[in-house]
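Structure at a glance
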Amino acid sequence: MTLLKIDNLSVSFARGKGLFRVEETEVIHGLSMTAQAGRITAVIGASGSGKSLLAHAILGILPSNAITRGTLYFKGAPMNNAAKTELRGRRLALVPQSVQYLDPLMKVGAQVSYSLEGSNERNDPIKMKGANTSRIHARKKLMQERLGVILRKYGLATDVKERYPFELSGGMARRVLLSIATAGEPELIIADEPTPGIHVEALSETLRHFRSIADQGAGILWITHDIESALQIADELVVFYAGTNVETARPEDFTGSGELLRHPYSKALWNALPHNGFKMPPGPQLTLDRDLHSSGCKYAHRCPMATWECTEELPLLRELRGGEVRCIHAT
Ligand SMILES: Nc1ncnc2c1ncn2[C@@H]1O[C@H](COP(=O)(O)OP(=O)(O)OP(=O)(O)O)[C@@H](O)[C@H]1O
Ligand code: NI
């Protein structure tokens, strides 16, 4: 089932220029992709390619000078800002990049309980309408039990709920972030770089947790720099380049010298990995500014296959060999 559909999303930032003029810089263009229930969709691509902005656009937390165009659908219904606020933390959850997103002045138990509340309306056997004291007690007990269950699920001892974020080790904090994101039983989880610089064991633990969350039916949008770990758990990989998606591939397409990949940038990204010998793509490294101001394919200036047609307009996303590609020359 398609949980999230992004249709032709663009994001620009408005900047005052002089007294009366406002200049718009478009950083995401023509982005179209989906996320499915029970599947992990990895979003990979270079720094600055727009991955985090995509997450923020979905959650409705872009800065106020951002201008968004295009349509986002959650289970077929268009999401306006009111819908995003309604869905956020309930049916849509974010696993943030860092522990700094935890409230430093609030005990862990309270923070996890807060997101448990999110699942109440859908999932509460003890109705609060016309509540009396015994119902309030019963509900409190139920919440404590649920809190215990979720902490145990992520290997956290019960006493963790009495701790403040600064009293957590790095590994514990990561598990707390996972508990918070999953406590409300969201249908779609957006994980923005949940694994930078963590050691191998912790990484494989995190990957296992995400896989099991997806196996239980939630959709996961996994935003990462780390192609290797994305390949271990993702059902499909969406490759970003300079603010748009250039390819959707299956994990098994990342093999050999990239001959199964569809877009020249995906091939270059794959071949630049250490075990593939750091082979860098030909052509000059462009600054994003120059990339963005060209109207055609954002990769044209670096692409060995580029022809003049490539600089005319942004190539449409098309289906190819069981995946998708945004390149007129791909076969
Ligand atoms: N508030 C903002 N105002 C103007 N430009 C912005 C703003 N936020 C992000 N950008 C620009 O949008 C582009 C995409 O940024 P984004 O953070 O989405 O990249 P990313 O792919 O998540 O990178 P990383 O892998 O480093 O996290 C960048 O070029 C960035 O400079
Ligand atoms: Ni980012």
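Everything in this summary refers to the structure shown in the same document. These numbers come from a predicted model, not from an experiment.

Rules behind the numbers
Numbers given to residues run from 1 along each chain, matching the order in which its sequence is written. To label them, take the chains in the order written and letter them from A, then take the ligands in the order written and number them from 1. With pLDDT at 70 or above as the cut-off, local features in this predicted model cover only qualifying residues; side-chain atom pairs require 80 or more to be listed or tallied, and sums for whole chains, interfaces and linings still use all residues. Strand pairing is assigned whenever DSSP detects at least two bridges linking the two strands. Counting from the N terminus, the helices are the DSSP runs of H or I reaching at least four residues and the strands are the DSSP runs of E reaching at least two. In this usage, the nonpolar core is the set of buried Ala, Val, Leu, Ile, Met, Phe, Trp, Tyr and Cys residues whose C-beta atoms join them within 7 Å. For every residue, the other C-beta atoms within 10 Å of its own C-beta are counted; 20 or more classify it as buried, 12 or fewer as exposed, and values in between as partly exposed. C-beta atoms are placed from the backbone. A residue pair is marked as a contact if its C-beta atoms, positioned from the backbone, fall within 7 Å. Note on geometry: axes are lines fitted to C-alpha atoms, helical ones only across the stretch in contact, with angles between N-to-C directions running from 0 to 180 degrees. Using a C-beta atom placed from the backbone, a residue is scored as near a molecule or strand whenever that atom is within 6 Å of it. An angle below 35 degrees is treated as roughly parallel, one above 145 as roughly antiparallel, one from 65 to 115 as roughly perpendicular, and anything else as oblique. What makes a crossing left-handed is the near helix being turned counterclockwise from the far one by less than a right angle; a clockwise turn instead makes it right-handed. Asp, Glu, Lys and Arg are counted as charged, while Ala, Val, Leu, Ile, Met, Phe, Trp, Tyr, Cys and Pro are counted as nonpolar; the rest, among them Gly, fall into the polar class.

1. Some points on the sheet that holds strand 2 (residues 21–36)
The four strands are arranged 2-1-4-5 in an open sheet whose pairing can be described as antiparallel. Since the sheet does not close on itself, it has two edges, and those belong to strand 2 and strand 5 (77–78), each with one partner. Bridging between strand 4 (residues 66–74) and strand 5 involves two bridges; their strand directions are antiparallel. Note on strand 5: the bridge partner recorded for Phe74 is Ala77.

2. What to know about the environment of Ala83
Within the secondary structure layout, Ala83 lies in helix 2 (residues 81–87). Here the alpha-carbon distance between Ala83 and Tyr154, two residues 71 residues apart in the chain, equals 30 Å.

3. Focus on the nonpolar core
Ranked by internal contacts, the top residues of the largest apolar core, which has 76 residues, are Ala42, Val43, Leu188, Ile189, Ile220, Trp222 and Val239. The leading source of residues in this core is helix 6 (residues 170–183), at six residues. The contact partners of Val43, leaving out residues within four places of it in the chain, are Lys51, Leu54, Leu221, Trp222, Ile223, Val238 and Phe240.

4. Quick word on unusual backbone geometry
Even without a glycine there, the phi angle at Asn8 is positive, about 55 degrees. By secondary structure assignment, the location of Asn8 is in strand 1 (residues 2–17). Backbone geometry places Ala242, a non-glycine residue, at a positive phi of 45 degrees. Of note, Ala242 is situated in the loop between strand 9 (236–241) and strand 10 (244–249). On the basis of neighbour counts, which here come to 24 C-beta atoms within 10 Å, the residue Ala242 falls in the buried class.

5. Quick look at the sheet that holds strand 8 (residues 219–224)
With respect to topology, eight strands assemble into an open sheet ordered 6-7-8-3-9-10-12-11, the strand pairing being mixed. A single partner strand is all that each edge strand has here, and the edge strands are strand 6 (92–95) and strand 11 (318–320). Pairs of neighbouring strands in the sheet enclose a mean axial angle of 25 degrees, with direction left out of account. Sheet topology places strand 9 next to strand 10; five bridges connect them, and they run antiparallel. Pairing of Phe240 across the sheet is with Asn245, part of strand 10. Set on the sheet, helix 1 (residues 51–59) makes contact with strand 3 (40–45), strand 6, strand 7 (188–192), strand 8 and strand 9; between it and strand 7 the angle comes to about 145 degrees. Helix 6 contacts strand 6 and strand 7 of the sheet and is inclined by roughly 175 degrees relative to strand 6.

6. Points about the pairing of strand 8
With six of its six residues buried, strand 8 lies for the most part within the structure. Covered by surrounding structure in strand 8 are Gly219, Leu221 and Ile223 together with Ile220, Trp222 and Thr224, the residues of both alternating faces. One ladder, built from five bridges, connects strand 3 with strand 8; its direction is parallel. Paired with Ile44 across the strands is Thr224, a residue of strand 8.

7. Topic: the environment of Thr133
Relative to the helices and strands, Thr133 resides in helix 5 (residues 133–153). Sequence separation between Thr133 and Ser98 is 35 residues; the distance between their C-alpha atoms is 39 Å.

8. Considerations on helix 1
For helix 1, every residue scored as buried is listed here: Lys51, Leu53, Leu54, Ala55, Ala57 and Ile58. Where helix 1 ends, the next residue or the one after it, Gly60, has phi of about 70 degrees, a positive value.

9. Some words on the pairing of strand 10
Of all six residues that make up strand 10, six are buried, and the element is covered over most of its length. Connecting strand 9 to the antiparallel partner strand 10 that follows it, the hairpin turn spans two residues, and Ala242 within it adopts a positive phi of roughly 45 degrees. With two bridges joining them, strand 10 and strand 12 (residues 323–325) adopt antiparallel strand pairing. Bridged to Thr248 within strand 12 is Glu324.

10. Some thoughts on the site of ligand 1
Inspection of the region around ligand 1 gives twelve residues, with Val27, Ser47, Lys51, Ser52 and Leu53 positioned closest. No other element matches the three residues that helix 1 contributes to the shell around ligand 1.

11. Brief notes about the packing of helix 3 (residues 108–117) against helix 6
Interaxial distance between helix 3 and helix 6 falls to 7 Å at its minimum, and their mutual angle equals 25 degrees. Taken together, the axis directions place helix 3 and helix 6 in an arrangement best described as roughly parallel. Remark: the crossing between helix 3 and helix 6 carries right-handed chirality. Between helix 3 and helix 6, the residues in contact are Val108, Gln111, Val112, Ser115 and Leu116 and Val176, Ser179, Ile180 and Ala183, respectively. Taken together, the residues that form the contact of helix 3 with helix 6 break down as six nonpolar, three polar and no charged.

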